[in-house]
Amino acid sequence: MTAATRIDTLPGIEAAVWAELAAALREKHHGWRLGVLATTDGEIGDARTIVLRDVERETRSLIFYTDARSPKVRQFDAHPLGTLVLWSPNLGWQLRLRVSLSQQSSGLAVSSRWARLKMTPAAQDYLSPLPPGSPLAHPSPERGTREFFAVVSAQVTAIDWLELHADGHRRALFDASGQRWLVP
Ligand SMILES: Cc1cc2nc3c(=O)[nH]c(=O)nc-3n(C[C@H](O)[C@H](O)[C@H](O)COP(=O)(O)O)c2cc1C
């Protein structure tokens, strides 16, 4: 889909949002492959870039990977509600997704994802002997042998969709109360 195609119905937009999330898994340059995940420790907001790894439409969940020891995991273990922001310049679409975050670092689902990942260069992101954020004497961390791999599930509870368009911006909200247009 391109910015030239405008969808007129709310159900059509919601379906297109999920289809584009799935497309972001396949298309390396899709804007929604990278997102900014905002969390809180209960006092201060925090945010960081993450890579979208999977989309589970049935449970309305987006999946990403992280180091199980990372500060973000501590934050959302205590405060599971976060926001994931995605922007696609091609579509002209921003998503602000209210999400409920949970993580798993053991079990079959985790080990089968790790089995696929461990042969790739990305595996080193989960093999540091020290937790993320630890001070280092040298810029490059060592590579250990034990993985600290966690699969994070972000269950989407609300979609705030914003379309930037030369003919007029549009915004819509999809949540437990239904679907409606909003002033952008
Ligand atoms: C392009 C890009 C993609 C990233 N993808 C991930 C990711 O998928 N998972 C992750 O844990 N960190 C990822 N990071 C690193 C995070 O943004 C962050 O620096 C790191 O996870 C530590 O965050 P924390 O201290 O909030 O836990 C990525 C960073 C960049 C620049």
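See the structure shown above.
Criteria and thresholds
- Every chain is numbered on its own, with residues counted from 1 as its sequence reads.
- Owing to the predicted nature of the model, reporting of local features is limited to residues with pLDDT of at least 70; listing and counting of side-chain atom pairs is limited to 80 or more, with chain, interface and lining totals taken over all residues.
- Hydrogens are left out, water is left out, and the side-chain values use all remaining heavy atoms of the structure.
- One heavy atom within 4 Å of a molecule or strand makes the whole residue count as near it.
- Any pair of N or O atoms that falls within 3.5 Å is considered a polar contact. Within protein, one atom must be able to donate a hydrogen and the other to accept it, and sequence-neighbouring residues count only if both atoms are side-chain atoms.
- Computed with a 1.4 Å probe, the accessible areas rest on the Shrake-Rupley method; for each residue, only the protein chains presented here act as cover.
- Where helices and strands are cited, they refer to DSSP runs of H or I of at least four residues and of E of at least two residues respectively, numbered from the N terminus.
- Each residue gets one of three labels, nonpolar for Ala, Val, Leu, Ile, Met, Phe, Trp, Tyr, Cys and Pro, charged for Asp, Glu, Lys and Arg, and polar for the others, Gly among them.
- Throughout this description, buried means an accessible area under 20% of the type-specific maximum (1.4 Å probe, protein chains only), exposed means over 50%, and partly exposed covers the range between.
- One speaks of a salt bridge when a side-chain nitrogen belonging to Lys or Arg is within 4 Å of a carboxyl oxygen belonging to Asp or Glu.
- One less than the number of residues in a helix, times 1.5 Å, gives the span that helix is expected to have.
- Think of it as the arc spanned by the lines of direction from the helix axis to the C-beta atoms.
- Residues are treated as being in contact if the distance between any of their heavy atoms lies within 4.5 Å.
- Strands are labelled as partners when DSSP assigns at least two bridges between them.

Draft legend 1. Local environment of the site of the ligand. Every residue lining the ligand is accounted for by L34, R48, T49, I50, V51, Y65, T66, S70, P71 and K72. Between R48 and the ligand, the recorded distance is 2.7 Å, taken from a side-chain N or O atom to an oxygen atom. Out of a free accessible area of 620 Å², the ligand has 59% covered by protein chains. Secondary-structure elements contributing two or more residues to the shell around the ligand are β2 (45–51), β4 (61–67) and α2 (71–78). For the shell around the ligand, the element with the highest residue contribution is β2, accounting for 4 residues. Tallied by class, the residues present in the shell around the ligand amount to 5 nonpolar, 3 polar and 2 charged.

Draft legend 2. Looking closely at the environment of P89. As for its position among the elements, P89 is in the loop between β5 (81–88) and β6 (93–104). Taking relative accessible area as the criterion, P89 reaches 56% and is therefore assigned exposed. As a C-alpha pair, P89 and W32 span 57 residues in sequence and 9.4 Å in three-dimensional space.

Draft legend 3. Region of interest: unusual backbone geometry. Phi angles above zero are rare outside glycine, and R60 is one such case at about 55°. As for its position among the elements, R60 is in the loop between β3 (54–56) and β4.

Draft legend 4. Fine view of the pattern of salt bridges. Per the stated rule, a full pass over the model turns up 10 salt bridges. The partner of R60 in a salt bridge is E14, and the shortest N-O contact between them spans 3.4 Å. Within this pair, whereas R60 is found in the loop between β3 and β4, its partner E14 is found in helix α1 (residues 10–26), the two being separated by 46 residues in sequence. With relative accessibility at 24%, the residue R60 sits in the partly exposed group. A salt bridge links E163 to R170; its shortest N-O distance comes to 2.8 Å.

Draft legend 5. Highlighting α1. Over its 17 residues, α1 extends 25 Å from the first C-alpha to the last, a length consistent with the 24 Å expected when each residue adds 1.5 Å. Taken together, the buried positions of α1 are occupied by L10, I13, E14, A16, V17, W18, E20, L21, A23 and A24.

Draft legend 6. Quick peek at α2. By the burial criterion, the buried members of α2 are K72, V73, Q75 and F76. For α2, the angular spread of the buried residues around the axis is 160°, confining them to a single face. When the buried face of α2 is taken as reference, the exposed residues oriented beyond 90 degrees from it are R74 and A78. Elements in contact with the buried residues of α2: β1 (34–40), β2, β4, β6 and β7 (149–163).

Draft legend 7. Molecular detail of the pairing of β4. With respect to burial, β4 is a largely interior element, 7 of its 7 residues being buried. Looking at chain direction, β3 and β4 are connected through 3 bridges and run antiparallel. The residue bridging E56 from the neighbouring strand is S61, located in β4. Remark: 4 residues form the turn of the hairpin made by β3 and β4, two consecutive strands paired antiparallel; R60 in that turn has positive phi of roughly 55°. Judged from the 7 bridges that link them, β4 and β7 form a sheet pairing that is antiparallel. Paired with F64 across the bridge in β7 is V152.

Everything listed here is a matter of geometry and, on its own, says nothing about what the molecule does.
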